[in-house]
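Below are the chains, spelled out letter by letter.
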Amino acid sequence: MTRQWLMRLQPDQHRTVDPAMPSTAIASAVELLGSGPARWAVQTAEAIAGEILEQVPEHGGGQGPVTTLRRSTESAVLAALRLLVSESPRGIAALTGETLEGCREFARRGIPLDQVLRGVRLGHARLAHDLAAAIEEHVPADRRLAEVRRVNDLLFTYADSHASMMAEEYIAERDRWRGSDEAARRAIVDDVLAGRPVDAVTALRSLHYDISRTHLAAVLWCDDTDSRTPVAERLHRTAMAMTRSLAAAGMLLIPADSMSAWVWFAVTDEDSPGRAGHPRDRLDRSHDVRAALGPPGTGPQGMRRSHLGALRAERVARHSGQWLCDYQEVRLVALATADPEHAQWFVQDVLGTLASGGDRVRELRETLRVYLAEERSLRTAADRLHVARNTITYRVKRAEELLPAATTAGNSLELRLALEIAQHLPL
C-alpha cells in the first residue's frame with residue numbers, strides 16, 4: 001500500500017521531453033510502472049543530465065555524448081523506480097545496459113573517473129530530492145517519515161552498488177582501450193580537431209587516410225535502436241554508400257559513441273555538394289541513419305573546420321528532424337541558434353502569433369519565408385511552393401496580420417532571420 005504513491009507520479013505538464021532510450025525500453029517501463037511514472041522518470045532524467053552537464057562539462061561535447069548521458073540517466077532512474085516498487089529488490093541490477101555502455105564510452109573519451117563518479121553522485125542526489133518532494137505530495141503525513149527512510153535506504157544501497165560497478169567497468173574498459181589500435185587512431189584525430197600539429201606521414205600510416213587532402217566531414221547517427229541490424233553496421237554501410245556517392249578517394253570513420261560516428265571523405269572540389277548534385281539526391285534511407293555535412297576544407301585545418309561545421313549542422317538537424325543536413329544550407333541558422341533558448345525568445349518576440357504551432361500557422365509562416373527569400377516575387381514563390389499566385393498573396397497577407405505591429409513596420413532582416421530559425425526549431 002505504501003508504494004502506491006509511486007504510481008501517482010506525473011510529469012510537469014508544461015514541459016515536453018522526448019525519451020532518449022529506445023521505444024521498446026520505454027514501452028516496457030510503461031507496462032510495469034504506468035504512463036505517468038515512466039514519463040516522470042524521463043523528465044527527471046533529462047533534468048539530471050542537464051545538471052550533470054552544468055557541473056561536469058566533460059560529459060558534453062556534442063549531441064551524441066549528450067544523448068548517451070541522457071540514455072544512461074533515464075535507464076538509471078527507471079531502474080531506481082523499479083527497485084522502489086518491487087517487493088524483492090535484490091534481483092534488480094544496479095548497472096543497466098545503457099549505463100554500462102555509457103560508462104565504457106566515458107572511459108574511451110578519457111573523462112576522468114572521479115568526474116564520472118561525481119556525475120553519478122549528482123544524479124542520485126537529484127533523484128532523492130525529487131522523490132522526497134513526491135513523498136511530501138502523495139504520502140499521508142503519518143507515513144511520510146517511514147517512507148522517506150525506506151526510500152533513502154534503498155537509494156543509498158543502489159547508489160553505492162551503482163558507483164562501485166561503474167568504477168570497475170570504467171577501469172576495465174580504460175585498460176582495454178589504451179592498448180588498442182582504435183585508441184591510437186582516435187588520439188591522432190583528437191590532435192587534429194584540437195588544432196595541434198600532426199605529422200601527415202604518421203597519420204597516414206595509422207589512419208590509412210591522407211589528412212593533407214580536401215575533406216568533407218559528416219556526422220552520422222541513428223535515432224532508432226530497435227533494428228535487428230547493429231548500429232555500427234548501419235553507420236558503416238551508410239558511410240560506404242556516401243563514399244560511392246561522392247566518388248571519394250578515401251574515407252575515415254571514427255566511432256563517436258554507441259549511436260554515432262564521425263566521418264571524413266577525401267574529395268575534390270568537383271565532388272563537393274552542389275557540384276554534381278547533392279548527396280541527398282543519390283542516397284536512400286534504408287538504414288535509418290541520419291547525417292550532417294560540414295563545409296569542404298583542405299589539410300588538417302580544413303579537416304577540423306569541416307568537422308566543426310558538421311557538428312553544428314547536426315545540432316540543427318536534431319531539432320528540425322532532417323535526415324540529411326548540410327551546414328552550407330543552414331549556417332545562418334546554426335549561428336543564430338547557438339543559444340537555443342535565446343533563439344526561441346527572439347522568434348517569439350519578432351513573429352508573435354505567427355510563431356505558434358499548428359499546421360495552418362506553419363503553412364502561413366513557410367509561405368512568408370519563401371516569399372521574402374525570393375525577393376517578394378509572387379511568381380517564383382508560387383513555383384517553389386507549387387501553388388497559385390493568388391494563394392501566395394492570400395497567405396502572405398494573412399501571415400502579416402499575425403505579426404506584431406513593431407515587426408511589420410520594423411527590421412526586415414530580423415523578420416527573415418526569425419522565419420529561418422522557426423523553420424528549424426520546434427515551436
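Look up a bit, the structure's there.
Keep in mind that what you see is a predicted model, and the values were worked out from it rather than measured. (Residues numbered from 1 in each chain as written. Predicted model: local features only at pLDDT ≥ 70, side-chain atom pairs only at ≥ 80, totals over all residues. Heavy atoms only, no water.)

(A) Molecular detail of the overall build of the chain. Secondary structure summary: the chain contains 17 helices and 6 strands in total. Summarising its shape, the C-alpha atoms of the chain cover approximately 70 × 60 × 35 Å along the three principal directions. Burial analysis of the chain (427 residues in total) assigns 46% to the buried set. The long-range fraction of contacts in the chain, counting pairs at least 24 apart against all pairs at least 6 apart in sequence, stands at 72%. Per element, the accessible surface of the chain, about 21,000 Å² overall, is 50% carbon and sulfur. Across the chain, the mean location of the 53 positive side-chain charges is 2 Å away from that of the 57 negative side-chain charges. (Helix = DSSP H or I, 4+ residues; strand = E, 2+ residues; numbered from the N terminus. Buried < 20%, exposed > 50% of the residue type's maximum accessible area, 1.4 Å probe, protein only. Contact = heavy atoms within 4.5 Å. Areas by Shrake-Rupley, 256 points an atom, 1.4 Å probe, with all protein chains shown as cover. Lys, Arg positive; Asp, Glu negative; His and termini not counted. Charge placed at Lys NZ, Arg CZ, Asp CG, Glu CD.)

(B) Representation of the pairing of strand β4 (residues 289-293). Across the 5 residues of β4, 5 count as buried, placing the element largely inside the fold. In this sheet, β4 lies alongside strand β1 (residues 214-222) in antiparallel orientation, the contact comprising 5 bridges. If you follow A218 over to β4, its bridge partner there is L293. Relative to strand β6 (residues 324-326), β4 runs parallel, the two being bridged by 3 bridges. Bridged to L293 within β6 is D326. (Pairing = 2+ DSSP bridges.)

(C) Region of interest: the nonpolar core. W5, L6, W40, L81, L127, L131 and M166 are the most contacted members of the largest nonpolar core, which totals 47 residues. Contributing elements (two or more residues each) for this core: α1 (23-33), α2 (35-55), α3 (63-85), α4 (97-108), α5 (113-138) and α6 (141-178). By size, the runner-up hydrophobic cluster in this structure holds 28 residues, among which are W221, W264, V330 and V333. (Core = buried A, V, L, I, M, F, W, Y, C linked by side-chain atoms within 4.5 Å.)

(D) Structural view of unusual backbone geometry. Unusually for a residue other than glycine, H208 sits at a positive phi of about 55°. One can find H208 in the loop between α8 (200-207) and β1. Backbone geometry places H386, a non-glycine residue, at a positive phi of 60°. Tracing the backbone through its elements, the reader meets H386 in the loop between α14 (378-385) and α15 (389-402).

(E) Region of the structure containing the pairing of strand β3 (residues 260-267). Most of β3 is tucked away: 8 of the 8 residues are buried. Both β1 and β3 contribute to a ladder of 8 bridges, which runs antiparallel. By the bridge assignment, T214 is partnered in β3 with V267. Note: strand β2 (residues 250-257) against β3, 7 bridges, orientation antiparallel. Across the sheet, the residue bridging to D257 is S260, located in β3. The hairpin formed by β2 and β3 contains 2 residues between the paired strands.

(F) Molecular detail of the environment of D281. Considering the arrangement of structural elements, one finds D281 in the loop between β3 and β4. Taking relative accessible area as the criterion, D281 reaches 60% and is therefore assigned exposed. It is 27 Å that separates the C-alpha atoms of D281 and D359, two residues lying 78 residues apart in sequence.

(G) Here's a closer look at the side chain of E147. With respect to the element layout, E147 can be found in helix α6. One polar contact links E147 to R150, side chain to side chain, over a distance of 2.9 Å. (Polar contact = N/O pair within 3.5 Å; in protein donor to acceptor, adjacent residues only side chain to side chain.)

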